[in-house]
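Descriptive analysis of the structure
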Amino acid sequence: MTHNTFPDRGLLLRSLRTLVEIESPSSDRAAVSRVMDVVEGWARELGGEGHALPGGSRDFTFRVREGEPYVLVLTHADTVWPVGTLARMPWRQEGERLYGPGTYDMKAGIVGLFCALRAIREAGSWPRGGIKVLLSPDEEIGSPASRQHIEAAARGARAVLVVEPPVSDTHHLKTGRKGTGQFTLDLTGISSHAGNRPELGASAITAAAQATLELQALADPVQGTTVSAGLVRGGSAVNVIPEHCRLDLDVRVASAAEAERIDRAIRAWRPRDERVRVQVSGGLNRPPFEQRPETLALFEQARSIAADLGFTLGHETVGGGSDGNFTAPIAPTLDGLGAPGDGAHAAHEHVRLDHWPDHVRLLRRLLEEV
Ligand SMILES: [Zn+2]
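In this text, all values refer to a predicted model and were calculated from it rather than measured experimentally. (Residues numbered from 1 in each chain as written. Predicted model: local features only at pLDDT ≥ 70, side-chain atom pairs only at ≥ 80, totals over all residues. Heavy atoms only, no water.)

What about the coordination of the zinc ion?
Let me state the cut-off plainly: A donor here means any N, O or S atom no more than 2.8 Å from the metal (3.2 Å for Na, K and Ca); water is not included, so a site may seem to lack partners. Note on geometry labels: four donors, all angles 85 to 135 degrees, give tetrahedral; four donors become square planar and six octahedral when opposite donors are over 155 degrees apart and every other angle is between 65 and 115; remaining cases are irregular. Accessibility here uses a 1.4 Å probe with only protein chains present; expressed as a share of the type maximum, an area under 20% marks a residue as buried, one over 50% as exposed, and anything in between as partly exposed.
Each protein donor to the zinc ion is listed here as H76 (NE2), D105 (OD), E164 (OE) and E164 (OE); together their distances run 1.8 to 2.5 Å. One can describe the site at the zinc ion as irregular: its four donor atoms subtend angles covering 55 to 147° at the metal. Here D105 falls in the buried class, since its relative accessible area comes to 8%.

Overview of the environment of E45
Quick note on the threshold: A run of H or I in DSSP becomes a helix once it reaches four residues, and a run of E becomes a strand once it reaches two; helices and strands are each numbered from the N terminus.
Examined against the element boundaries, E45 turns out to sit in helix α2 (residues 29-45). Using a relative accessible area of 55% as the deciding quantity, one classes E45 as exposed. For E45 and W356, which are 311 residues apart along the polypeptide, the C-alpha to C-alpha distance reads 23 Å.

Brief notes about the nonpolar core
Rules: What we call a nonpolar core is a set of buried Ala, Val, Leu, Ile, Met, Phe, Trp, Tyr and Cys residues that are connected through their side-chain atoms within 4.5 Å.
With 61 residues, the main nonpolar core has F62, F114, L117, I131, W356 and L367 as its most contacted residues. Grouped together as the second largest cluster of nonpolar side chains are 21 residues, A204, A208, V227 and C245 included.

A short note on unusual backbone geometry
Across the junction of F6 and P7, the peptide omega takes the value -5°, indicating a cis bond. That bond from D105 to M106 is cis: its omega, -15°, falls within 30 degrees of zero. Within the secondary structure, M106 is located in helix α4 (residues 103-123). Its identity as a non-glycine residue notwithstanding, D169 has a phi of 55°, on the positive side. Of note, D169 is situated in the loop between β7 (157-162) and β8 (172-177).

Re helix α7 (residues 256-268)
Operational definition: In this analysis, the expected span of each helix is defined as 1.5 Å times one less than the number of residues it contains. Directions drawn from the helix axis to the C-beta atoms are what define this arc. What makes two residues a contact is simply this: any of their non-hydrogen atoms within 4.5 Å.
For α7, with 13 residues, the first-to-last C-alpha span of 18 Å sits near the 18 Å given by 1.5 Å per residue. The complete set of buried residues in α7 reads E258, A259, I262 and I266. Take α7 and look down its axis: the buried residues cluster within an arc of 105°, on one side only. Turned more than 90 degrees away from the buried face of α7, the exposed residues are A257, E260, R264 and A268. On the buried face of α7, the contacting elements are β9 (179-188), α6 (204-216), β11 (226-234), β13 (244-253) and β14 (277-286).

A look at the side chain of T333
Test applied: Any pair of N or O atoms that falls within 3.5 Å is considered a polar contact. Within protein, one atom must be able to donate a hydrogen and the other to accept it, and sequence-neighbouring residues count only if both atoms are side-chain atoms.
Within the element layout of this structure, T333 appears in strand β16 (residues 333-335). The exposure class of T333 is buried, given its relative accessible area of 0%. In terms of polar contacts, T333 uses its side chain to reach the side chain of T327, at 2.9 Å. Once you skip the residues sitting within four places of it in the chain, T333 turns out to touch V160, V162, F289, T295, L298, G324, T327 and A328.

Let's talk about the UniProt feature "active site" (unreviewed entry) in the protein chain
Inclusion rule: UniProt positions are given in the numbering used here, feature names are shortened, and annotations may be inferred rather than shown by experiment.
Feature annotation in UniProt places "active site" (unreviewed entry) on D78 and E139, given in this structure's numbering. What stands out for the annotated residues spanning 62 residues is how close their C-alpha atoms remain, the widest pair being 6.8 Å apart. By the secondary structure assignment, D78 is in the loop between β3 (70-76) and α3 (85-88). Assignment of secondary structure puts E139 in the loop between β6 (131-136) and α5 (147-155). E139 gets classed as buried once you look at its relative accessible area, which sits at 4%. For E139, the contacting residues outside a window of four places in its chain are H76, D78, E164, R286, G321, S322 and D323.

Focus: the packing of α4 against helix α10 (residues 356-369)
Heads up, the rule is: Simply put, an axis is a line fit to the C-alpha atoms, just over the touching stretch for a helix, and the angle between two N-to-C directions goes from 0 to 180 degrees. For classification purposes, an angle smaller than 35 degrees is called roughly parallel, one larger than 145 roughly antiparallel, one from 65 to 115 roughly perpendicular, and anything else oblique. It is the rotation of the near helix from the far one that decides the hand of a crossing: anticlockwise by less than a right angle makes it left-handed, clockwise makes it right-handed. Each residue is assigned to one class: nonpolar for Ala, Val, Leu, Ile, Met, Phe, Trp, Tyr, Cys and Pro, charged for Asp, Glu, Lys and Arg, and polar for all the others, Gly among them.
Remark: α4 packs on α10, axes separated minimally by 9 Å, with the N-to-C direction vectors making an angle of 55°. Comparing the axis directions of α4 and α10 gives the class oblique. Along this stretch, α4 crosses α10, giving a crossing that reads as right-handed. On the side of α4, the interface is formed by A108, V111, G112, L113, C115, A116, L117, A119, I120 and A123, while α10 contributes W356, V360, L363, R364, L367 and E368. For the contact of α4 with α10, a count of residues per class yields 13 nonpolar, one polar and two charged.

A closer look at the packing of aromatic side chains
The condition is simple: In summary, the pairing rule links any two rings of Phe, Tyr or Trp, Trp by its six-membered ring, whose centres are within 6.5 Å, and it sorts them by plane angle into stacked for under 30 degrees, edge-to-face for over 60 and tilted for everything else. Any Lys NZ or Arg CZ found within 6 Å of a ring centre and within 35 degrees of that ring's normal is scored as a charge over the ring.
Inspection of every chain in the model, using the stated rule, returns two aromatic pairs. Between F62 and W126, the ring centres sit 5.6 Å apart and the planes meet at 10°, which makes this aromatic pair stacked. Linking F62 in strand β2 (residues 58-62) with W126 in the loop between α4 and β6, this pair joins segments that are 64 residues apart in sequence. We note that F62, like W126, is buried. R92 extends its terminal NZ or CZ atom over the ring of Y99, reaching a point 4.1 Å from the ring centre.

Some points on the sheet that holds β14
We apply this condition: Only when DSSP finds a minimum of two bridges between them are two strands counted as paired.
A sheet is described by the order of its strands in space; here four strands give the open sequence β11-β13-β9-β14, paired in antiparallel fashion. Looking at which strands have only one partner, the edges of the open sheet turn out to be β11 and β14. Mean inter-strand twist for the sheet, computed between neighbouring axes without regard to direction, equals 15°. For β9 and β14, the ladder comprises nine bridges, and the chain directions are antiparallel. By the bridge assignment for β14, T180 is matched with R286. Contacts between α6 and the sheet are confined to β9, β11 and β13, with β13 contributing the most and set at about 10° to the helix. Contacting β9, β11, β13 and β14, α7 runs over the sheet at an angle of about 170° to β13.

This is how it looks when you write it as structure tokens:
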């Protein structure tokens with residue numbers, strides 16, 4: 001197969017349209033399964049074995065043999081877009097841009113992967129140990145049901161490739177990601193008449209304000225740690241000292257040490273007014289994907305393949321998490337091997353058809369050579 005005919009642009013386009021026109025928000029299991037059924041059909045055409053896993057994940061194995069380390073590829077079938085989005089944000093092509101919900105994150109990643117697998121099958125160039133593809137239904141909500149399968153699959157892998165998109169509008173792969181967490185503080189004070197007996201009240205809103213300022217101050221830009229109070233709900237009436245308030249915090253950390261520091265500080269925090277009780281729930285849901293030498297070695301391999309294919313590849317650590325956060329502590333992980341484009345989780349979400357084939361060729365060679 002020559003450089004000029006692989007991958008087939010028409011096939012990329014048609015396959016992507018097929019997946020995008022099946023809407024698949026994380027909250028709608030039946031819809032997500034319909035995408036998985038299509039992908040499973042592609043896997044079977046290539047001689048892959050499909051397995052349904054508890055919680056809705058599926059895996060597809062190609063020439064994987066018991067006890068031999070394989071190459072693991074992480075994919076997800078869900079998107080952030082509710083059913084009905086297509087009506088106002090339909091699939092469309094404008095020049096070299098392919099628009100639609102889930103194009104960039106990450107339906108094009110799945111399509112590119114299967115184009116690469118098809119070429120590998122035609123060439124008979126399966127890597128030693130074979131390839132395992134994990135398709136999860138819940139990545140966009142933190143992978144509660146698929147995490148255990150992702151970690152278990154990583155334990156048998158010699159490398160993990162994640163087909164999330166590259167960094168927006170670049171040829172940059174992702175060699176590190178921050179860990180992400182959400183904490184909820186439920187504050188319970190004492191209600192009282194705001195005018196007659198304010199001294200008898202203990203304000204949960206005052207405590208939430210104190211928590212907002214003190215906990216956000218835990219952020220450390222040098223270490224890459226951010227803490228942001230994103231939601232606050234409290235009080236019952238304007239003339240009542242508020243008994244209840246709930247505060248939700250978004251936390252991002254670049255290292256395990258920072259994750260521990262923040263977790264400890266949030267759980268130890270107490271309101272100045274000792275009559276207000278605090279209950280903390282939540283925590284870190286994805287550990288940091290720290291940039292490690294084994295990931296950089298994988299990246300170097302990718303960079304030299306890209307140079308060979310005629311384009312320049314870069315890499316970055318990014319703030320958003322992915323399922324790669326779960327595998328990076330277990331096996332060498334390289335992320336961002338999906339389709340280039342822009343607008344993840346945004347109305348202008350799209351893939352760049354002109355740059356996409358280069359990344360499919362890169363993925364194919366990595367799968368063969370890693
Ligand atoms: Zn994604």
